[in-house]
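The primary structure of each chain is shown beneath.
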Protein chains: 2
Amino acid sequence: MHYSPLIQQLMDAFRRLPGVGNKSAQRMVLHFLERDREGGRKLAAALVAAMDGVGLCTRCRTLSETEICAVCSHPNRDSRTICVVETPADVFAIEHTASYRGMYFVLMGHLSPIDGVGPEKLAIPQLVKRICTESVDEVILATNPTVEGEATAWYIREQLSGRELAERGLRVSRIAHGVPMGGELEYIDGSTLMHSLAGRQAMKYRDES
Amino acid sequence: MHYSPLIQQLMDAFRRLPGVGNKSAQRMVLHFLERDREGGRKLAAALVAAMDGVGLCTRCRTLSETEICAVCSHPNRDSRTICVVETPADVFAIEHTASYRGMYFVLMGHLSPIDGVGPEKLAIPQLVKRICTESVDEVILATNPTVEGEATAWYIREQLSGRELAERGLRVSRIAHGVPMGGELEYIDGSTLMHSLAGRQAMKYRDES
């Protein structure tokens, strides 16, 4: 069975997407060809516009159409806190919680010497310089709780361990590891459970300080 | 949480695909923006090429880049058998089995009066005319085994019930309904089981005719 060249080419293009195999690609192609040619043209135009128009924010390195992204240029965000994450998707996830009002710094990956990803590629020197030269009170290391994410967090922690920064009162924190909300202890893996015990927090009454 | 306009627009375009929600659309957008801009541009070009270049075969109405599709113009296909299906995806599915050597006719849907889909929209008159004027021996009705697909098959059967066609020896058949290969009787629905009993076939020995 051979698809005609244009259909095959479009299927191949869709197959570059993560999690899209032959069957899904065929369904996508047929959807646009049979039912929504207008949508296919719109997707093409949106792709070109985004590929050409979206770059990285020069301050925090998240995806942005402008030189400085909306978060970095927002007048009411707390510029004294920087949350360091691996990808723009993490920024979206944290922004969705609507509970964080500080700034971000996106590494665009994690340290991975085997793949040739060192501190420079993650712009860690740029991050350290920014922390050293601007009035930053706290750095929250929110890299993934994976081996590579932990290593990346520890590396950045080390870069921020200078006496000068300590004297300035810079706090460096790591997001809490523990039992996810709604989870059941019975089904949580041992490593997570261990972290959630070690990181236990005092339960405070209303008026207790 | 607001995405930047170009990202939002691209997400909206991906969300038009069947089965793609917010989360998948975001993953697709980020995949192209973070890791594969070249792929994004290729997808855009392939979309435009396919939307502009793929039409319907004038003979069988399947998707085709040429006026007559590869199957219809193939010298070794049996033009005396026509398999009637609902969509081009069905053509792909049957072609994948590599067991059918006849022609196709694609209805591009099924009869659905409530949605205003009548025989004309499915080009049934065109199909009937082709069967009446060309040397066709057999019409295989391979519409889906759904209420609408059955109704469409019966409607076409009725259109082909003329005395002239019967005298010419035209056979009109419906694909077999029954237990799918590899299935277990225990888990097959009653309607399918009923059809598979009613449609039972004699088991023939090698030399029996």
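Residues numbered from 1 in each chain as written. Chains lettered and ligands numbered in written order. Predicted model: local features only at pLDDT ≥ 70, side-chain atom pairs only at ≥ 80, totals over all residues. Heavy atoms only, no water.

**Looking at the overall build of chain A**
This is how the line gets drawn: For helices the rule is a DSSP run of H or I covering at least 4 residues; for strands it is a run of E covering at least 2, with both sets numbered from the N terminus onward. The globule rule is 2.2 Å times the number of residues to the power 0.38, and the radius of gyration it is compared with is taken over C-alpha atoms. Three exposure classes are used, based on accessible area relative to the maximum for each residue type with a 1.4 Å probe and protein chains only: buried under 20%, partly exposed in between, and exposed over 50%.
Along chain A, the regular secondary structure elements total eight helices and six strands. Radius of gyration (C-alpha) of chain A: 22 Å, far over the 17 Å computed for a compact globule of 209 residues. Expressed as lengths along the three principal axes of its C-alpha atoms, the size of chain A is roughly 70 × 45 × 40 Å. Looking at chain A as a whole, 40% of its 209 residues qualify as buried.

**A closer look at the packing of aromatic side chains**
Note the threshold: Classification of ring pairs uses Phe, Tyr and Trp, with its six-membered ring standing for Trp, and accepts pairs whose centres are within 6.5 Å; under 30 degrees between planes counts as stacked, over 60 as edge-to-face, and the remaining range as tilted.
According to the stated counting rule, one finds six aromatic pairs over all chains in the structure shown. Look at A:F92 and B:Y3: their rings are 4.7 Å apart centre to centre, the planes differ by 70°, and that puts the pair in the edge-to-face class. You can see A:F92 sitting in helix α4 (residues 88-97) and its partner B:Y3 sitting in the segment before α1 (5-15), one on each of two chains. Side by side, A:F92 and B:Y3 carry an identical accessibility label, which is buried. Ring centres of B:F14 and B:F32 lie 6.4 Å apart, and the angle between their planes is 20°; on these two criteria the pair is classed as stacked. Taken together, the residues span a long stretch of sequence, with B:F14 in helix α1 and B:F32 in helix α2 (residues 22-35) at a distance of 18 residues. For the residue pair B:F14 and B:F32, the accessibility class agrees, reading buried in each case.

**Considering the interface of chain B and chain A**
By a frequent convention, interface size equals the accessible area lost on bringing the separate parts together. Rules: In what follows, residue pairs with any heavy atoms lying within 4.5 Å of each other are defined as contacts. Salt bridges are counted wherever a side-chain nitrogen of Lys or Arg sits within 4 Å of a carboxyl oxygen of Asp or Glu. What qualifies as a polar contact is a pair of N or O atoms within 3.5 Å, subject to a donor-acceptor requirement within protein and to the restriction that residues adjacent in sequence count only when both atoms come from side chains. Any residue outside Ala, Val, Leu, Ile, Met, Phe, Trp, Tyr, Cys, Pro, Asp, Glu, Lys and Arg is labelled polar, Gly included; the first ten of those are nonpolar and the last four are charged.
Facing the 49 residues of chain B at the interface are 49 residues of chain A. One can count four salt bridges joining chain B with chain A. Residue B:D36 pairs with A:R16 through a salt bridge whose shortest N-O separation is 2.9 Å. Where chain B meets chain A, there are 18 residue pairs in polar contact (both at pLDDT 80 or more). Looking at the side of chain B that touches chain A, the elements that each hand over two or more residues are α1, α2, α3 (37-53) and α4 (88-97) of chain B. The dominant element in the side of chain B that touches chain A, judged by the number of residues it contributes, is α3(B), at 15 residues. In terms of residue class, the side of chain B that touches chain A is made up of 29 nonpolar, 10 polar and 10 charged.

**Considering helix α1 (residues 5-15) of chain A**
Note the following rule: The directions considered for the arc are those from the helix axis to the C-beta atoms.
Every buried residue of α1(A) is listed here: A:L6, A:I7, A:L10, A:M11, A:A13 and A:F14. One side of α1(A) holds all its buried residues, which, seen down the axis, span an arc of 160°.

**Side note on the sheet that holds strand β3 (residues 78-85) of chain A**
Residue and element names in this part refer to chain A. The cut-off we apply is this: Following DSSP output, two strands are said to pair if at least two bridges run between them. To get an axis, a line is fitted to the C-alpha atoms, and for a helix only the part in contact is used. The angle between two axes follows their N-to-C directions and goes from 0 to 180 degrees.
Strand order across the open sheet formed by four strands is β4-β3-β5-β6, with parallel pairing between neighbours. Unpaired on one side and paired on the other, β4 (102-106) and β6 (171-174) mark the two borders of the sheet. Sheet twist, expressed as the average angle between the axes of neighbouring strands with direction ignored, equals 25°. Taken together, the four bridges between strand β5 (residues 138-141) and β6 define a ladder with parallel strand orientation. In the sheet register, L141 faces β6, and the bridge partner there is R174. Each of β3 and β4 is contacted by α4, which is oriented at about 160° to β4, the strand it contacts most.

**A short note on the environment of A:L56**
Tracing the backbone shows A:L56 in strand β1 (residues 55-56). Distance in space between the C-alpha atoms of A:L56 and A:E67 is 7.3 Å, their sequence separation being 11 residues.

**Focus: the relation of the copies chain B and chain A**
In plain terms, the rule: C-alpha atoms of residues with pLDDT of at least 70 in both copies form the basis for the least-squares superposition of the copies.
When chain B is brought onto chain A, the operation consists of a screw motion whose angular component is 180° and whose axial shift is 0.0 Å, with 0.1 Å RMSD remaining. The transformation just described matches what one would write down for a two-fold rotation axis. Scanning chain B for the C-alpha nearest the rotation axis identifies B:A44, at a separation of 2.0 Å.

**Concerning the sheet that holds strand β6 (residues 171-174) of chain B**
In a beta sheet, neighbouring strands pair by backbone hydrogen bonds and run either parallel or antiparallel. All names here are of chain B. Spatial ordering of the open sheet is given by β4-β3-β5-β6, a layout of four strands whose pairing is parallel. On the outer flanks of this sheet lie β4 (102-106) and β6, each paired with one strand and no other. Each strand axis lies, on average, 25° off the axis of its neighbour in the sheet, ignoring direction. Of the strands in this sheet, β3 (78-85) and β4 touch α4, which is tilted by about 160° from β4. In this fold helix α5 (residues 124-133) packs onto β3, β4 and β5 (138-141), with an angle of close to 155° to the strand it touches most, β4.

Honestly, it's all geometry; don't read function into it.
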